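Reading the structure
Below, each chain spelled out in residue letters.
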Amino acid sequence: MSQNAKLQNTLQTTKPKNSFNVTLYLLIIPVLLWLVLLIVLPHLDLLVSSFKIENDDGEMVFSLANYIAFFKEEIYWLTFVKTAAYAIGVTALAFIITFPVAFYLTKVISKKNAAFFILLLLIPLWVGELVTVYGWMVLLGDHGIINHFLMAIGIVDEPINMLYTDFSMIIGLLYMSMLFMVVPVMSTLESLDDSLIEAASDLGASKWTIFRTIIIPYSMPGIVSGAIIVFMLVIGDYLAPNILGGKSSLWFTEQIYNKFLTTFNWNEGAAFGFLLLMLSSGIIWLALKFSGQKLDRVGS
Amino acid sequence: MSNILEIKNLTKQFGDFTAVEDVNFSVKDGGFFSILGSSGCGKSTLLRIIAGFEPETEGEVIIRGESMKGVPPEKRPVNIVFQHLALFPMMNVRENVAFGLKRLKLSNTEIDSRVNEMLSRVGLEGYEKKDVTALSGGQKQRVAIARSLVMKPSILLLDEPLGALDRKLREHMKVELKLLQREIGTTFIYITHDQSEALVMSDEIAVMHEGRFEQIDTPRNLYKNPKTAFVAGFVGDSNRFELSRTEGDTLITNKGWSINKKSSMAEPKVLYIRPEALIINPSEGLTDVETFGITIKTILFDGSNTKLATTVTGTTEELLISLPQNAEFDGLSEGQTLQVGVHINDLKCY
């Protein structure tokens, strides 16, 4: 076969470049449909309607009134700030509670035992948030298990009011979101070579210094990605604040819910929804900036 | 020179398994001491005991005359260069080297001057701000060594730090490490399974086998006068012959080769001859040389390391002979027979 004929042959057996592109587009279509139909379009619609109010003639006109209403009414403001502060607080608590757990599961006990404990951690997810929230009601209520026990052994004479307080709300929020902190932190800790800890100790670092200068900085990508997930779940949660927090809980999602389904003011509801979206995006942006992490590194 | 490190009757057991068994040795101040052994012989465990990461089951580690019993790793005057270096990936070169000094609560100016001095000593000036993950293998090596040496340890422990490097770089770092040790005068204890690393760099080598020290000696003595069969087989290349019996001053191998050798041992079991100890076509005037005939089976060409695979004439014993690459032996070919001699001191029996 001459050189030329060989070349011809290769050209024929190689697939045309287009066929690859067609497959790629086919594979991307479901993702694109998902993004455009379920996320981008509804958000655009919400954005547009958040800038509209009904005028006296019953026509929809452009206005900033929905946003102005938010800034004028103090209760909206307070709820907004409280939701942000509590979401940050719950995220911090979730980190403080779960970091030792993640460290214990990855560095202290054997892999076999760790798998068993991780399974135990996963069980609450199997029953769904609603069921766990009702579980907490059974525990925390005035006639609940904890109060019953405390009175039985005589520590208190009358039940402590735990349910329908910020305390019970925080517990509910923590309980449903904690696991999402454990998993990413564990995956970074797993890749931490024990010899780094030994090297630091060899160079004269105390246990606390090793924790502060080696373990925490090393697991920072996992911590930040866990924190983002927990923060998003908490700030957008409705069940735990509504059921465990009761009437006084003042969670911003409840305000949105009320706008949509109690007062049927969809336009103001849309504006509130966008404010929440901007709040959570803003705080995450600040957190990434502050912790020196990059979104692509945290995401992986 | 005084002893900077003394190890007395050191034993380490993991359950039923004895990793280190009754090891005794001492290292002179400023020396380069190597522990040579195959993987799993207990040498890393021994190093970890000296560094304080593993408690000893029995015995004692004494550094500068002080017992290290119960002293945690961060309080010991030793620093370790880990097998996989264990550089802190989230810090740059400067922060890595300064890590230990910061723990000493030194002033920033002193930390800066010591870090800069150490970095220039290992040839890494200008790399202070570089990410350690962006460095080459050899540069990482130097950062790891600088990070430990900047602490001015009494002893620097090195756990096969050259293992991950490619061959060329390893050859280069071997020489560099030796020169660095000479220059700064810190005592080095070097763990390796690579005999060439140990032979080139060390003042003294301990050969370790199954948790015990077989021999502690200078590189030359270890090679010239191995005390045990294990050392003879492990250090350098050797031809090994099983002996069936001795008749007076004659050793007889399993395959019927007999060679004259005054043995100091009553019942030697094995005979070792180094390929490079054999003299091709020995001249008449040499004394104490045993000569015998061989037949060339094949020539194993490997540059300066070329060997002749031969059989001893009249027997089936196989013998490897080093072949110098000079004009004298260029004409050798397969099937040829030759006279070969060996000095009786180079016949090692155990």
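Located above this text is the structure these notes cover.
All of these numbers come straight from a predicted model, not from anything done at the bench.

**Concerning the packing of helix α9 (residues 179-190) of chain A against helix α11 (residues 207-235) of chain A**
Residue and element names in this part refer to chain A.
- Interhelical geometry of α9 versus α11 gives an angle of 165° and a closest axis separation of 8 Å. By the angle between their axes, α9 is roughly antiparallel relative to α11. Where α9 crosses over α11, the two elements pack in a sense that is right-handed. The residues of α11 that touch α9, namely those facing Phe 180, Met 181, Pro 184, Val 185, Ser 187, Thr 188 and Leu 189, are Tyr 218, Ser 219, Pro 221, Gly 222, Ile 223, Ser 225, Gly 226, Ile 229, Val 230 and Leu 233.
- Partitioning the contact of α9 with α11 into residue classes produces 11 nonpolar, 6 polar and no charged.

**Remarks on α9(A)**
Residues and elements named next belong to chain A.
- With 12 residues, α9 should reach 16 Å at 1.5 Å per residue; the first-to-last C-alpha distance of 16 Å fits that figure.
- Within α9, 9 of the 12 residues are buried, which leaves the element mostly enclosed by the surrounding structure.
- All buried positions along α9 are accounted for by Leu 179, Phe 180, Met 181, Val 182, Pro 184, Val 185, Met 186, Thr 188 and Leu 189.
- Summarising the contacts, the buried residues of α9 are in contact with α4 (74-108), α5 (111-127), α8 (166-177) and α11.

**What about the interface of chain A and chain B?**
- Across the contact, 15 residues belong to chain A and 16 residues belong to chain B.
- Sorting the residues of the side of chain A that touches chain B by element identifies α10 (194-202) and α11 of chain A as the ones contributing at least two each.
- A per-element tally of the side of chain A that touches chain B places α10(A) first, with 6 residues.
- A breakdown of the residues in the side of chain A that touches chain B according to their chemical character gives 7 nonpolar, 5 polar and 3 charged.

**So, the environment of Phe80(A)**
- Examined against the element boundaries, Phe80(A) turns out to sit in helix α4.
- Separated by 172 residues in the primary sequence, Phe80(A) and Phe252(A) place their C-alpha atoms 5.7 Å from one another.

**Focus: the sheet that holds strand β2 (residues 17-28) of chain B**
Residues and elements named next belong to chain B.
- Spatial strand order, β2-β1-β4-β5: 4 strands in an open sheet with antiparallel pairing. Each edge of the open sheet is held by one strand with a lone partner, namely β2 and β5 (66-67).
- Inspection of the sheet shows strand β1 (residues 3-14) paired to strand β4 (residues 58-63) by 5 bridges, in the antiparallel sense. In the sheet register, Lys 8 faces β4, and the bridge partner there is Glu 60.
- In the packing of helix α1 (residues 43-51) onto the sheet, the strands contacted are β1, β2 and β4, and the crossing angle to β2 comes to about 60°.

Basis of the calculations
- Every chain is numbered independently, its residues counted from 1 as its sequence is written.
- Key to labels: chains lettered from A, ligands numbered from 1, both in the order written.
- Only residues with pLDDT of at least 70 get local features here, since the model is predicted, and only at 80 or more are side-chain atom pairs given and counted; chain-wide, interface and lining totals rely on the full set of residues.
- With axes taken as lines fitted to C-alpha atoms, and helix axes fitted only over the stretch in contact, angles between N-to-C directions fall between 0 and 180 degrees.
- The helix count covers DSSP runs of H or I at least four residues long, the strand count covers runs of E at least two residues long, and both are numbered beginning at the N terminus.
- By definition in this entry, angles of less than 35 degrees are roughly parallel, angles greater than 145 are roughly antiparallel, angles of 65 to 115 are roughly perpendicular, and the rest are oblique.
- Here is the rule for handedness: rotate from the far helix to the near one, and if that takes an anticlockwise turn smaller than a right angle the crossing is left-handed, while a clockwise turn gives right-handed.
- Note on contacts: each residue gets a C-beta atom placed from the backbone, and two residues are in contact if those atoms are within 7 Å.
- In this classification, Asp, Glu, Lys and Arg are treated as charged, Ala, Val, Leu, Ile, Met, Phe, Trp, Tyr, Cys and Pro as nonpolar, and every other residue, Gly included, as polar.
- Here a helix's expected span is defined as the number of its residues, less one, multiplied by 1.5 Å.
- Buried residues are those with 20 or more other C-beta atoms within 10 Å of their own C-beta, exposed residues have 12 or fewer, and partly exposed residues lie in between; C-beta atoms are placed from the backbone.
- When DSSP finds two or more bridges between a pair of strands, those strands are recorded as paired.

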